[in-house]
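# Reading the structure
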Amino acid sequence: MTETIELNHWINGEKVSAERPGESLNPSDTREVVARTPDGGEAEVNAAVAAAKAAFTGWSEASPELRSDVLDRAGTLVMERREALGRLLSREEGKTLAEGIGETVRAGRVLKYFAGEALRVHGQNLASVRPDVEIQTYRQAVGVYGLITPWNFPIAIPAWKAAPALAFGNTVVMKPAGPTPATAEALVAILHEAGLPKGVLNMVVGRGRVGQAIVDHPDVDGLSFTGSQGVGAGVAAGAVKRQARVQLEMGGKNPLIVLDDADLDRAVQIALDGSFFATGQRCTASSRLIVQGGIHDRFVAALAERVAALRVGDALDPQTQMGPAVSEDQMETSYRYIEVARGEGGRVVTGGQRLQMEKPGWYVQPTLIADTEADMRINNEEIFGPVASTIRVKDYEEALEIANGVEFGLSAGIVTSSLKHARDFQRRAKAGMTMVNLPTAGVDYHVPFGGSKSSSYGAREQGFAAVEFFTQTKTSYSAG
Ligand SMILES: NC(=O)C1=CN([C@@H]2O[C@H](COP(=O)(O)OP(=O)(O)OC[C@H]3O[C@@H](n4cnc5c(N)ncnc54)[C@H](OP(=O)(O)O)[C@@H]3O)[C@@H](O)[C@H]2O)C=CC1
Ligand SMILES: O=C(O)CCC(=O)C(=O)O
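Residues numbered from 1 in each chain as written. Chains lettered and ligands numbered in written order. Predicted model: local features only at pLDDT ≥ 70, side-chain atom pairs only at ≥ 80, totals over all residues. Heavy atoms only, no water.

The next thing to look at is helix α3 (residues 82–93). Relative to the 16 Å expected for twelve residues at 1.5 Å per residue, α3 spans 16 Å between its end C-alpha atoms, a close match to the ideal helical length. By the burial criterion, the buried members of α3 are Leu 85, Gly 86, Leu 88, Leu 89, Ser 90, Arg 91, Glu 92 and Glu 93. Among the structural elements, β1 (5–6), β4 (22–26), β5 (29–37), α2 (64–80), α4 (97–117) and α6 (181–193) are those in contact with the buried residues of α3. The positive-phi residue at the C-terminal boundary of α3 is Gly 94, with phi of around 100°. (Helix = DSSP H or I, 4+ residues; strand = E, 2+ residues; numbered from the N terminus. Expected span 1.5 Å × (residues − 1). Buried < 20%, exposed > 50% of the residue type's maximum accessible area, 1.4 Å probe, protein only. Contact = heavy atoms within 4.5 Å.)

The next point concerns the site of ligand 2. The environment of ligand 2 is formed by Arg 106, Asn 152, Phe 153, Ile 157, Trp 160, Arg 282, Cys 283, Thr 284, Ala 441, Gly 442, Val 443 and Phe 449. Taking Arg 106, its side chain carries an N or O atom lying 2.9 Å from an oxygen atom of ligand 2. A distance of 2.9 Å is found between an oxygen atom of ligand 2 and a side-chain nitrogen or oxygen belonging to Asn 152. In isolation ligand 2 has 290 Å² of accessible area, and contact with the protein removes 99% of it. One can see that ligand 2 is located within the second largest pocket. Here the residues of the shell around ligand 2 sort into seven nonpolar, three polar and two charged. When we break the shell around ligand 2 down by domain, the ones giving at least three residues each are domain 1 (5–250 + 455–479) and domain 2 (254–436). (Near = heavy atom within 4 Å. Polar contact = N/O pair within 3.5 Å; in protein donor to acceptor, adjacent residues only side chain to side chain. Areas by Shrake-Rupley, 256 points an atom, 1.4 Å probe, with all protein chains shown as cover. 1 Å grid on protein atoms, 1.4 Å probe; cavity = no way out; pocket = protein on both sides within 12 Å on 5 of 7 lines; lining within 4 Å. Sits in = over half its atoms within 2 Å of the grid points. Nonpolar A, V, L, I, M, F, W, Y, C, P; charged D, E, K, R; others polar. Domains from an automatic or database assignment.)

Applying the stated criterion across every chain yields a total of two cavities of 30 Å³ or more. Estimates place the volume of the largest cavity at around 90 Å³. Lining the largest cavity are 15 residues, and of these Gly 280, Arg 282, Ala 285, Ser 287 and Phe 384 sit closest to its centre. For the lining of the largest cavity, the residue count by class is five nonpolar, seven polar and three charged. The volume enclosed by the second largest cavity comes to roughly 60 Å³. Lining the second largest cavity are 14 residues, with Pro 255, Ala 403, Phe 408, Gly 409 and Lys 430 sitting closest to its centre. (Points joined across faces, edges and corners; volume = space filled by probe spheres on them.)

Attention shifts here to the site of ligand 1. In the vicinity of ligand 1, 26 residues are found, and the nearest of them are Trp 151, Gly 178, Ser 228, Met 250 and Glu 382. In the model, a nitrogen atom of ligand 1 is placed 2.9 Å from a nitrogen or oxygen of the Gln 212 side chain. One of the backbone nitrogen or oxygen atoms of Met 250 is found 2.7 Å away from a nitrogen atom of ligand 1. Within the complex, the protein chains bury 83% of what would otherwise be the 860 Å² of accessible surface of ligand 1. Counting atoms within 2 Å of the grid points, the majority share of ligand 1 lands in the largest pocket.

Right, let's get into the layout of surface pockets. Taken as a whole, the largest pocket encloses approximately 1,300 Å³ of empty space. Within the residue set of the lining of the largest pocket, elements represented by two or more residues are β4, α7 (208–216), β11 (222–226), α8 (229–241) and α11 (328–343). A per-element tally of the lining of the largest pocket places α8 first, with five residues. Residue composition of the lining of the largest pocket, by class: 21 nonpolar, 20 polar and eight charged. Two domains share the lining of the largest pocket, each providing at least three of its residues, namely domain 1 (5–250 + 455–479) and domain 2 (254–436). Approximately 310 Å³ is the volume attributed to the second largest pocket. As for the second largest pocket, its lining consists of 20 residues, and the residues nearest its centre are Arg 106, Phe 153, Arg 282, Gly 442 and Val 443. Those elements that provide at least two residues to the lining of the second largest pocket are α4 and α5 (156–167). Here the element with the most residues in the lining of the second largest pocket is α4; it accounts for four residues. Classifying every residue of the lining of the second largest pocket by side-chain character gives seven nonpolar, five polar and eight charged.

In this section: the pairing of strand β12 (residues 245–249). For a regular strand, side-chain orientation follows a simple rule: the groups alternate between the two sheet faces. Of all five residues making up β12, four are buried, and the element is well covered by its neighbours. With five bridges connecting them, β11 and β12 associate as parallel partners. Bridge pairing links Gly 222 to Arg 245 in β12. Read as a crossover between parallel neighbours, the route from β11 over α8 to β12 is right-handed. Direction of pairing for β12 relative to strand β22 (residues 456–457): antiparallel, over a ladder of two bridges. The residue of β22 that forms the bridge with Leu 248 is Tyr 457. (Pairing = 2+ DSSP bridges. Right-handed = clockwise from strand over helix to strand, strands pointing away.)

Once that is clear, we can look at the pairing of β4. Of the strand pairs in this sheet, β4 and β5 are connected by five bridges, and their pairing is antiparallel. Across the sheet, Asn 26 pairs through a bridge with Asp 29, a residue of β5. What sits between β4 and β5 in their antiparallel hairpin is a turn of two residues.

On to unusual backbone geometry. Look at Phe 384: it is not a glycine, yet its phi comes out positive at around 65°. Tracing the backbone shows Phe 384 in the loop between β16 (367–370) and β17 (387–393). The exposure class assigned to Phe 384 is buried, which follows from its relative accessible area of 16%. Despite not being glycine, Lys 453 has its phi angle at roughly 50°, a positive value. Here Lys 453 shows up in strand β21 (residues 452–453).

Without other data, these values stay purely geometric and don't point to any function.
Written out as structure tokens, the structure is:
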């Protein structure tokens, strides 16, 4: 057993202790309490927002070099501590240690990327339509941002929301997800160790009502949210009501098309990675495998063999290839959808059984379901677990129509050796991100991230796109 963390809020640069009625558990062994957690509410949010508001002038007017240095140092610390942070992340979230360390490194890289971006904020000089008048545009910090983060990337998502907010001179109140607050807190602590001034970054730990209090607070100028569609819709409505900026990243029902001309082994590896790694708990996971008739049976047989061979187990066991679901709810959602698919006529090719493991945990058997139709619930509703279904199609056009035929549009992939189909897919796939001969999940940290349709709302996150959401443009006219 490892020591239980006694978690605190972070308000105005200080750890604020409180009663700790909550717990985050280790999904690999639910007897282990990873952290005991406070249950914040309106009072803590009010204090955190007041601290962030008070810190805004100093931070937004500080030299960009100072902001850059803090983020760069924090990135270095995160990467130096990748083993310990990755271990904490895997204990709290359930992804394998390799995935936990990988995500930690990604968070470190994000911090360093935005350390650079802090120095690259720029505007434009334009000629006026009037003689002797000049125009400049500037990007300026906005104010206090509320960041509401999910459990499935407990360090990378807090990093990719907080780093651009801070780089461009804003201050922050963050609410980490209920199941994974200790990992987010570790990031907040490192940013303070790296020299962040008091009040610039605050974190309130607690359940959804903390998020709601942030959404409703009149001094929060912008909201960035990643999570479910239902909660996202409420965040957007709350923001619009009081004219705050808002950005949402929500679900996906991401298609992976496999055409007859694909290399079979490559297609199987891409589907395995996209559908099952990180226990399928990625908004970019491939959950619909749309397979052309000529390769269909060979693909299903080969993928089923690989899925059945996946070693499911304790996230920290080096032999484990797939960890547990993050929570009992997420585990039950997967099993519920497997039954829904069976009821709709889907054929469970492998998986679908409750796992009897040595340790009590939220384990799900990775499951492949064949012979499904595009209009079934299994192919339209997000599961967010290690469950993928296959749909047989006759040709590329039918595949594309089915790929585009859902309410989501985050990531979409194709495996093919045809340049013509690959290029056509890049143009016509209704998704924010397209992948040719790559898994739908697993994206770079320095380029825009986001989807179309119901998957996303507002400006893109990450990379050079982040400046749009985390700054506002001022247009200045001057005459000599
Ligand atoms: N796009 C993505 O990457 C993600 C998608 N999801 C989808 O959502 C499903 C459910 O996951 P779940 O964790 O319940 O997602 P939620 O949308 O409930 O949680 C996301 C974040 O919002 C917070 N929150 C909850 N209620 C409110 C509220 N009223 N106002 C403001 N913030 C709030 C949560 O806090 P708390 O955790 O304390 O409730 C958490 O920090 C998954 O099965 C998946 O389909 C989930 C996570 C990530
Ligand atoms: O696939 C990725 O790398 C990112 C996925 C993601 O952002 C998410 O699941 O929330």
